[in-house]
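# Coordinate analysis (summary)
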Amino acid sequence: IRENRALTKQQRGQQLTAYDRAQAGAGSVEERHVAGRAAQGGKFATAEFPPLGPRFEPQERAALFDLVEAKPRMGTLEKGRVKDALRQMLDFGEVPPANELSSFRQVFGSSIETPIKGGLANEVFSTLKTLETSFLDISPFGRQGLLTVPGHPISGARALAKGLHAAVSVQAEEAAKVAITKRPNYPHYVSSDLHLTDAAAEVSGREIEVAANWIFETKLPGIRQLGNTLALSKRFQYTFLNEIRADAFDRYFRFLNRPGDDVAMHNIAHMINASTGRGSLPKVLADNPGIVNFGVYSLRFLVSRFETPWAAAGLTIHNPKASIMLLKDFVAAAGAVAGLSALLVRSREATVNDDIDSPDYGKTRIGNTRLDPYAGFLQDVRLLYRLGATVRMARKPAESSEQHSKRMGRERARILGTFLRSKLGPGASFIQNVWSGSKVTGEAVDVTNPSGVFKEMLDVLAPMNVLDVVEGAQDAGVAGGLTAGTATEIGVGVQTYKDRPRKGSGNSLWGGK
């Protein structure tokens, strides 16, 4: 099936090229459309494979339909569509269309391999990430949307409204997905690998990479209500990100050098994916997000921050016309960050740190609360600066060149280790904090007292936005809690902790300071 779909994608790209070129001719819109359809050679190519029915015994076939019928939290109409799609696959070898494929995957998964190879481990490890990150969370608005929303506020507001509507209505989420498939550029989204997230897709296709499906599907009292609450955030995030990505692609599509330029469209999609937090991962990592997120917090998002500059360069080189819009988006994002910082400084007793050697560089500080509106880019810039600055380390008296090089290497390892420790997933972070007796911020963890270990466990498992509010309120009362809560909800990074000594600040992943 994968081979046939790859061939289909190539054929559809060729058909789209022929159609687009015909649109550049003379005549009315209808005449150009007819000419385009004739040039592409009929309907778009679709993936085909032999009927699957002969591979199943009658009782096995009946069991497949029983699975659909027994699927919880799926309406009668949706079950009917899945049964129709299943019959088409079994009897005719037809791939379900996009609007049916999501429901089909919701019942059967993307393949039989996933639950066998790593399903249980992904479910267990993803539970920590699910609990920590998805409690009434609309932070993608300012985090993944930083390079898209400020420059196009109407598009951002529309996506926000649709996301909020989808959060409270499954029907609204479905309607938003269907509406995107009806956009004129939808075939280009598919052929250029623009990532449009599906809540029911295989784990490698999910945006937030949460594989703990048991929380959303269980009937256990309490857990079921928790799953319903977490699903609000999931539906918002998927719908919002799909909208801003599709809108961004439509804007950049107008700047193509020539219709049907496959390379340019892939560069557009790559830039949009990276800038909205969808970094590229090897398949083995993409297919096991629970295990990955146990060790590294939001690996895709972390990779996307480093990937965005390269994607922007590729887009500019292959499509210079798009560089103007790209520059506008970057300037608008910088203006939004600067404006937010200035507003906080003017409205409250806040300061902005301008010492790049400080862990608080660029952050707006109110009391002991640090606000980071840079959507993950600031940490990467500071990491690269600090790694580069090690070449300026002065040689100590009587220190040989070899000893000096080794000392620089140890310093680079310490810097990189501190950075990586700050990116640990909830499970790995808990283990590291208890093992080392301190957090990455330098705060002590009382491992000699069971209550201290339990408190650390709660800190790791608690939803991040709730924890930010609690810590902000503990530091500065109601005003501090409101500030931290508002900031974390719109995607601003929030940390609250007391000052620590500058020298050797930040604990390294490798141990030591």
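Figured I'd write up the structure that's included with this text. Quantities reported herein were computed from a predicted structural model and do not represent experimental measurements. (Residues numbered from 1 in each chain as written. Predicted model: local features only at pLDDT ≥ 70, side-chain atom pairs only at ≥ 80, totals over all residues. Heavy atoms only, no water.)

With that settled, consider the overall build of the protein chain. Broken down by element type, the protein chain carries 21 helices and 4 strands. Put simply, the protein chain has 513 residues, and 46% of those count as buried. For the protein chain, contacts bridging at least 24 residues in sequence account for 70% of all contacts bridging at least 6. Looking at the protein chain as shown, the accessible area adds up to about 25,600 Å², and 62% of this sits on carbon and sulfur atoms. (Helix = DSSP H or I, 4+ residues; strand = E, 2+ residues; numbered from the N terminus. Buried < 20%, exposed > 50% of the residue type's maximum accessible area, 1.4 Å probe, protein only. Contact = heavy atoms within 4.5 Å. Areas by Shrake-Rupley, 256 points an atom, 1.4 Å probe, with all protein chains shown as cover.)

Only one face of strand β4 (residues 493-496) is buried: it carries V494 and T496, and the other face, with G493 and Q495, is open. Bridge analysis of strand β3 (residues 369-372) against β4 gives 4 bridges, and the strand direction is antiparallel. Across the sheet, D372 pairs through a bridge with G493, a residue of β4. (Pairing = 2+ DSSP bridges.)

Between side chains of opposite charge, a pair can form when the charged atoms approach closely. Following the criterion strictly, the structure yields 15 salt bridges and no others. One salt bridge connects E399 with R407, and the closest N-O pair in it is separated by 2.9 Å. Classification of E399 by relative accessible area gives buried; the value is 13%. Between E456 and K439 there is a salt bridge whose closest N-O contact spans 3.7 Å. Of this pair, E456 sits in helix α20 (residues 450-461) while K439 sits in the loop between α19 (426-436) and α20, and the two are 17 residues apart along the sequence. Comparing E456 with K439, the two get one shared label, buried. Via salt bridges that share partners, R158, K162, R183, E243, D247 and D250 belong to a single interconnected network. (Salt bridge = Lys/Arg side-chain N within 4 Å of Asp/Glu carboxyl O.)

It is worth spelling out a nonpolar patch on the surface at this point. There is a patch of nonpolar side chains on the surface, built from F454, M457 and L458 and spanning about 280 Å² of accessible area. Inspection of the secondary structure puts M457 in helix α20. (Patch = residues over 30% accessible without salt bridge, like charges linked within 9 Å, V, L, I, M, F, W, Y side chains within 5 Å.)

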